[in-house]
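In case you want the letters, here they are:
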Amino acid sequence: MNIDTQLEKSIIAAGQEQVLKYWNELDEQGQKQLAGQLENINFSELSRLIPEYVTSRPKTAIPDDLAPAPYFPMEPADSKQAELYAKAEARGTELLKSGRVCFLTVAGGQGTRLGFDGPKGTYPIGPVTGRTLFAYFAQNILRASKKYQVKFTWYIMTSLLNNQATTSFFAENNYFGLDKDQVFFFTQGTMPAIGYDGKLLLGAKDSLSLSPDGHGGTLLALRKSGALERMTAEGTDIISYFQVDNPLIKMTNPLFIGLHDLENAEMSAVMLAKTGPYEKLGNFCVSQGRLNIIEYSDLPKELAEQTDENGKLAYIAGSPAMHLISRDFIGRLTAGNELKLPWHRADKKIPYLNENGELVTPAEPNGVKLESFIFDALPLAERTMVLECDRDEVFAPTKNPTGVDSVESCRAMLIERDARRLERAGVKVARNADGSVNAKIEISPALVLDDEDAAALVKAENISEISPEDTVVFE
């Protein structure tokens, strides 16, 4: 087959003819694959990005007017705010009951860092049962659907690498009790890897070297997949966004949802009080009246360590990447099938075909991958809102096998969360001298979504005590 004339002109105009070097050696299937990849590239945009991000190195400029971002505290500061929180809680519950909310999980990664071969969402994280990450979310949604009498839709963004394995996993597990049509899978977009000379790299004779376009690409993928159209048809206009590695996520938080709506926010965020100046969380800041996130690696030392008059960190508000995003805002950011977010440079060791058509695996970084970040949408929103949450209740990321933010710490936090729920319902739970739970406890998310559900479970099961070293599962 011949390559499309207009596409070839775009490639030549961008100075990227090397991607067609092996065109005439390819069979029809190989030509179709390469042509499909090339057709997905906006070469005029690429010609703008390369001098900005690749052949020169962009610098992160810290605005002169940068200041810590305001946020709603975890507990209301006064009676007026308490009244607002009560109103927001009621409004959030109303929005959930009316089907205005849907859920979005970013799940394009593999479990490689955990020593696990498969999509990260299929990792068995349950402290007793080995319940997978996906199962936690699915059963949370199942319980929410019953509690609010709404058939919530769950959008899951996969990647080219794990889409087939993810969809097969759901089918094999009968969608964890959800109806099949409640789950909408879509695939993350890609960007071509670029050598330091500004040339696109080939990963094979019939393929560019491609990489995911970052979690900011979620927004454009929602449009291209038809997800935004489905949301519109279903009357859904608030998207609860979270990452696949955090089974402690409170995806149906009426207070958060209600404040987002009452504040007329286009994008809202959860904040956690940082454990120290250099915790690896982005920092919520404001500049020119707009909410920003400055990455922990970019915030200058003098700002990271700055304290207020009470000795508390000034830049205390850290981002765990939990958001509410309004559907219309995403529509505006992706109008014309283009993503209106900035890009970020990542220097990588990228396997590539050399001049002889041989695959080379470099020992040092040899090129750039471009990514967009979801938090870069915040300063583009007309109105934003940040709510402080208790990390022990909402944040247990599973990033490493052991240590901080690990499988071990996540399982311990899941046990602690379930123990606290039982204790608040009047159950005596065995604890060690250091205060940690001296038992293994796991409550199915399909049974308990919140404290109200926990109290109902305790009453139904007539539970009064969890004894030392007990192993207790409620399914």
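Residues numbered from 1 in each chain as written. Predicted model: local features only at pLDDT ≥ 70, side-chain atom pairs only at ≥ 80, totals over all residues. Heavy atoms only, no water.

Draft legend 1. Representation of the overall build of the protein. A count of helical and extended segments in the protein gives 14 helices and 24 strands. For a compact globule of 475 residues, the expected C-alpha radius of gyration is about 23 Å, and the protein comes in at 24 Å, within 12% of that figure. Each principal axis of the C-alpha distribution contributes one length, and for the protein these read about 75 × 55 × 45 Å. Contacts in the protein between residues far apart in sequence, at least 24 positions, make up 74% of those at least 6 positions apart. As displayed, the protein offers around 21700 Å² of accessible surface, 47% of which is attributable to carbon and sulfur atoms. Taking the average location of the 49 positive side-chain charges in the protein and that of its 66 negative ones, the two points are 2 Å from each other. (Helix = DSSP H or I, 4+ residues; strand = E, 2+ residues; numbered from the N terminus. Rg over C-alpha atoms; globule rule 2.2 N^0.38 Å. Contact = heavy atoms within 4.5 Å. Areas by Shrake-Rupley, 256 points an atom, 1.4 Å probe, with all protein chains shown as cover. Lys, Arg positive; Asp, Glu negative; His and termini not counted. Charge placed at Lys NZ, Arg CZ, Asp CG, Glu CD.)

Draft legend 2. Fine view of the nonpolar core. Ranked by size, the top nonpolar core spans 57 residues in total, and within it Phe134, Trp154, Phe170 and Leu387 carry the most contacts. With 10 residues, helix H5 (residues 133-148) is the single largest residue contributor to this core. With residues up to four places along the chain from it excluded, the contact list for phenylalanine 170 reads Phe134, Trp154, Ile156, Tyr175, Phe176, Val183 and Phe185. Grouped together as the second largest cluster of nonpolar side chains are 39 residues, Leu219, Ala269, Met271 and Ile330 included. (Core = buried A, V, L, I, M, F, W, Y, C linked by side-chain atoms within 4.5 Å. Buried < 20%, exposed > 50% of the residue type's maximum accessible area, 1.4 Å probe, protein only.)

Draft legend 3. Representation of the packing of helix H7 (residues 217-225) against helix H8 (residues 227-234) in the model. Contact geometry for H7 and H8: axes closest at 4 Å, N-to-C directions at 70 degrees. Accordingly, the angle class assigned to the pair H7 and H8 is roughly perpendicular. From H7, Leu222, Arg223 and Ser225 reach across to H8, where they touch Ala227, Leu228 and Met231. (Axes fitted to C-alpha atoms, helices over the stretch in contact; angles between N-to-C directions. Parallel < 35°, antiparallel > 145°, perpendicular 65-115°, else oblique.)

Draft legend 4. Up close: empty space enclosed by the protein. All told, the structure shown has 1 cavity of 30 Å³ or more when counted by the stated rule. Taken as a whole, the largest cavity encloses approximately 80 Å³ of empty space. Looking at the largest cavity, it is lined by 13 residues, and the ones nearest its centre are Ile249, Lys250, Phe256, Val270 and Met322. Breaking the lining of the largest cavity down by element, the ones donating at least two residues are strand S10 (238-243) and strand S15 (323-326). In terms of residue class, the lining of the largest cavity is made up of 9 nonpolar, 3 polar and 1 charged. (1 Å grid on protein atoms, 1.4 Å probe; cavity = no way out; pocket = protein on both sides within 12 Å on 5 of 7 lines; lining within 4 Å. Points joined across faces, edges and corners; volume = space filled by probe spheres on them. Nonpolar A, V, L, I, M, F, W, Y, C, P; charged D, E, K, R; others polar.)

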